[in-house]
Amino acid sequence: MSLPEYNLPWIDSPFFNAELRDSKLSEEDKAFVKHFADEGYVIFDPKIEESEIDLIVAELMPKFNKLETEDKRIQDAWTFNERVRKIASLNIVYEKLRLLYKREPFPFQTLNFPVGTQQNTHSDMIHFNSIPQRFMCGVWIAFEDITNDNGPLHYYPKSHKLPFYDMIDMGVKASDNIEKKKAMMVYFENYELFIQEIINALGLKKEVLNIKKGQALIWSSNLLHGGEHILRPGASRHSQVTHYYFNDCMYYSPKYSDVAINKIYLTDLVNIKTGEKIVNKYFDEVVNRSTKLQFQMQAVKMLSKIAPLFPRPIVDMVRSAIMR
Ligand SMILES: O=C(O)CCC(=O)C(=O)O
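Residues numbered from 1 in each chain as written. Predicted model: local features only at pLDDT ≥ 70, side-chain atom pairs only at ≥ 80, totals over all residues.

*Asks:* Explanation requested: the overall build of the protein in the structure shown.
*Replies:* In terms of helices and strands, the protein carries eight helices and 13 strands. Here the protein holds 324 residues, and the buried ones make up 31% of them. (Helix = DSSP H or I, 4+ residues; strand = E, 2+ residues; numbered from the N terminus. Buried ≥ 20, exposed ≤ 12 C-beta atoms within 10 Å, placed from the backbone.)

Next up, the structure:
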């Protein structure tokens, strides 16, 4: 009997084991894919020249030094640094991702870090989801040796098999929080706490990533992960994360969306490798970004620019009228 057609990553499908058994992949590739499907992550060596890594670190250093915020990340350094763009576009990474997802990947965001993020545990699906679900992953590359004391990445093996917990699951109407400050507050106070409670309730076991400079980890979109505390004050932890989606999906951010009432926060994306704009697609049909939510977002943004000129109650009244 042949397997039914389906529209989700094969590694996340109930048919995965049967398909893998019948596939013509080499034993090495089978082991690679199986590890990812079972554990939600896989570690490999993308064979990047060490000198290339050193150059990126040196080129970004002046920008890192200028950051006055606590958060030392540079988002989308690929827009001004060709080496960062090349790391996001590595052929070997593309090959691995095609193997894992059987679909064409594209990088859409880079994050470069000079130090550990000490970020609370989360699933990337709350930030980046696709329809059909789970066509997203992260590739984290160590730009120096990573040990327990310089704020390594942590992750919870197998946690990608948990359901995707959306904002509605924690009693939050996500589309009410599309303003950055409000969204951040809700994310910290509701989402992160909820995830930590799930970890505690299920007794999930954490692993801490100790890898060598140049090695990489791919995590599946729903794998719970975050950053460990920096145990050695002042320690650097240079790394680059690239986030990838896969072709022919709709791409949206659940932390701002209420899919049930058609308020879907579709994201504007560019394929980092080609520079092309990404279109959202649903069963081969292009989906326009001009949803009601998109209009509301633009209006709220404009309103916050002029808000200081008006009394607060009026601004609040106009805001709630826009959001209705
Ligand atoms: O590098 C880290 O410490 C965390 C990165 C992360 O959580 C992410 O990119 O989603």
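And the narrative resumes.
*Asks:* When you look at the pairing of strand E8 (residues 216-220) in this model, what are you seeing that I'm missing?
*Replies:* Here is the key point about a regular strand: its side chains alternate between the two faces of the sheet. Burial runs high along E8: five of the five residues are buried. Of the two faces of E8, the one holding Ala216, Ile218 and Ser220 and the one holding Leu217 and Trp219 are both buried throughout. Direction of pairing for strand E1 (residues 41-44) relative to E8: antiparallel, over a ladder of four bridges. Residue pairing in the sheet places phenylalanine 44 in a bridge with alanine 216 of E8. Pairing geometry for strand E5 (residues 136-142) and E8, over five bridges, is antiparallel. Looking across to E8, one finds that valine 139 is bridged to isoleucine 218. (Pairing = 2+ DSSP bridges.)

*Asks:* Hey, could you run me through the sheet that holds strand E2 (residues 74-75) in this one?
*Replies:* Within a beta sheet, neighbouring strands are joined by backbone hydrogen bonds and run either parallel or antiparallel to one another. Overall, antiparallel pairing links the six strands, which are arranged E1-E8-E5-E10-E3-E2 in an open sheet. The two strands at the open ends of the sheet, each matched to only one other strand, are E1 and E2. The sheet contact formed by E2 and strand E3 (residues 105-113) spans two bridges and is antiparallel. Looking at the pairing, isoleucine 74 lines up with asparagine 112 of E3. Against the sheet, helix H2 (residues 27-39) contacts E1 and E8, and its axis sits at roughly 140° relative to E1. (Contact = placed C-beta atoms within 7 Å. Axes fitted to C-alpha atoms, helices over the stretch in contact; angles between N-to-C directions.)

*Asks:* How should I be thinking about helix H6 (residues 180-202) in this particular structure?
*Replies:* Since one α-helical turn is 3.6 residues long, residues separated by three or four positions face the same way. Over its 23 residues, H6 extends 31 Å from the first C-alpha to the last, a length consistent with the 33 Å expected when each residue adds 1.5 Å. Where H6 bends most, at tyrosine 187, the angle is about 35°. Counting buried positions over the 23 residues of H6 gives two, only a small fraction of the element. At the C-terminal side of H6, glycine 203 shows a positive phi close to 60°. (Expected span 1.5 Å × (residues − 1). Bend = angle between axes of the 7 residues up to and from the residue.)

*Asks:* Can you help me understand the site of the ligand in this one?
*Replies:* In the vicinity of the ligand, 13 residues are found, and the nearest of them are Thr117, Gln119, Leu153, Gly227 and Val241. Taken together, the residues of the shell around the ligand sort by class into four nonpolar, eight polar and one charged. (Near = placed C-beta within 6 Å. Nonpolar A, V, L, I, M, F, W, Y, C, P; charged D, E, K, R; others polar.)

*Asks:* Just to check I follow, could you spell out the environment of histidine 35 for this structure?
*Replies:* Position of histidine 35 among the secondary structure elements: in helix H2. Judged by C-beta crowding, with 15 C-beta atoms within 10 Å, histidine 35 ranks as partly exposed. For the pair histidine 35 and isoleucine 11, spaced 24 residues apart in the sequence, the C-alpha separation amounts to 9.8 Å.

*Asks:* Help me out: how do you make sense of the nonpolar core in this one?
*Replies:* Soluble globular proteins tend to bury their nonpolar side chains together. Grouped together as the largest cluster of nonpolar side chains are 61 residues, with contacts concentrated most on Val139, Ile218 and Tyr245. The element best represented in this core is E5, accounting for six residues. Among all residues touching isoleucine 218, those that are not within four sequence positions of it are Phe36, Tyr41, Val42, Lys96, Cys137 and Val139. (Core = buried A, V, L, I, M, F, W, Y, C linked by C-beta atoms within 7 Å.)

*Asks:* Help me understand helix H8 (residues 312-323) in this model?
*Replies:* The end-to-end C-alpha distance of H8 is 16 Å, a good match for the 16 Å that twelve residues give at a rise of 1.5 Å each. In terms of burial, H8 is largely open, as just zero of its twelve residues are buried.

*Asks:* Just checking my understanding: could you explain the sheet that holds strand E6 (residues 153-155) for this structure?
*Replies:* On the basis of which strands lie adjacent, the open sheet formed by three strands has the order E7-E6-E9 and antiparallel pairing. Of all the strands in the sheet, just strand E7 (207-208) and strand E9 (225-227) have a single pairing partner and so form its edges. Two elements, E6 and E9, share three bridges in a ladder whose sense is antiparallel. What sits directly across from histidine 154, in E9, is glycine 226.

*Asks:* Is there a simple way to explain the domain arrangement of the protein in this structure?
*Replies:* The extent of an interface is frequently quoted as the accessible surface area lost upon association of the parts. Under the domain assignment, the protein is made up of domain 1 (10-287) and domain 2 (290-324). The straight-line distance from the C-alpha centre of domain 1 to that of domain 2 is 32 Å. Here the side of domain 1 that touches domain 2 is built from residues that sort into four nonpolar, two polar and three charged. (Domains from an automatic or database assignment.)

*Asks:* In this structure, what is going on with the environment of arginine 237? I would like to understand it.
*Replies:* Topologically, arginine 237 is positioned in the loop between E9 and strand E10 (239-246). As a C-alpha pair, arginine 237 and threonine 79 span 158 residues in sequence and 22 Å in three-dimensional space. If we skip the residues at most four places from it in the chain, arginine 237 touches Phe113, Val115, Gly116, Glu144, Ile146, Asn150 and Gly151.

*Asks:* Looking at this model, I keep getting lost on unusual backbone geometry. Mind explaining?
*Replies:* Both trends apply: most residues other than glycine have a negative phi, and most peptide bonds are in trans. For the peptide bond that leads from isoleucine 131 to proline 132, omega is 0°, which places it in the cis range. Its place among the elements puts proline 132 in the loop between strand E4 (129-131) and E5. Phi is positive for aspartate 248, close to 65°, though the residue is something other than glycine. Mapped onto the elements of the fold, aspartate 248 is located in the loop between E10 and strand E11 (250-252). Residue classification places aspartate 248 among the partly exposed positions, given that 17 C-beta atoms sit within 10 Å. Positive phi outside glycine occurs at phenylalanine 283, with the angle close to 45°. Inspection of the secondary structure puts phenylalanine 283 in the loop between strand E12 (280-282) and strand E13 (285-287).

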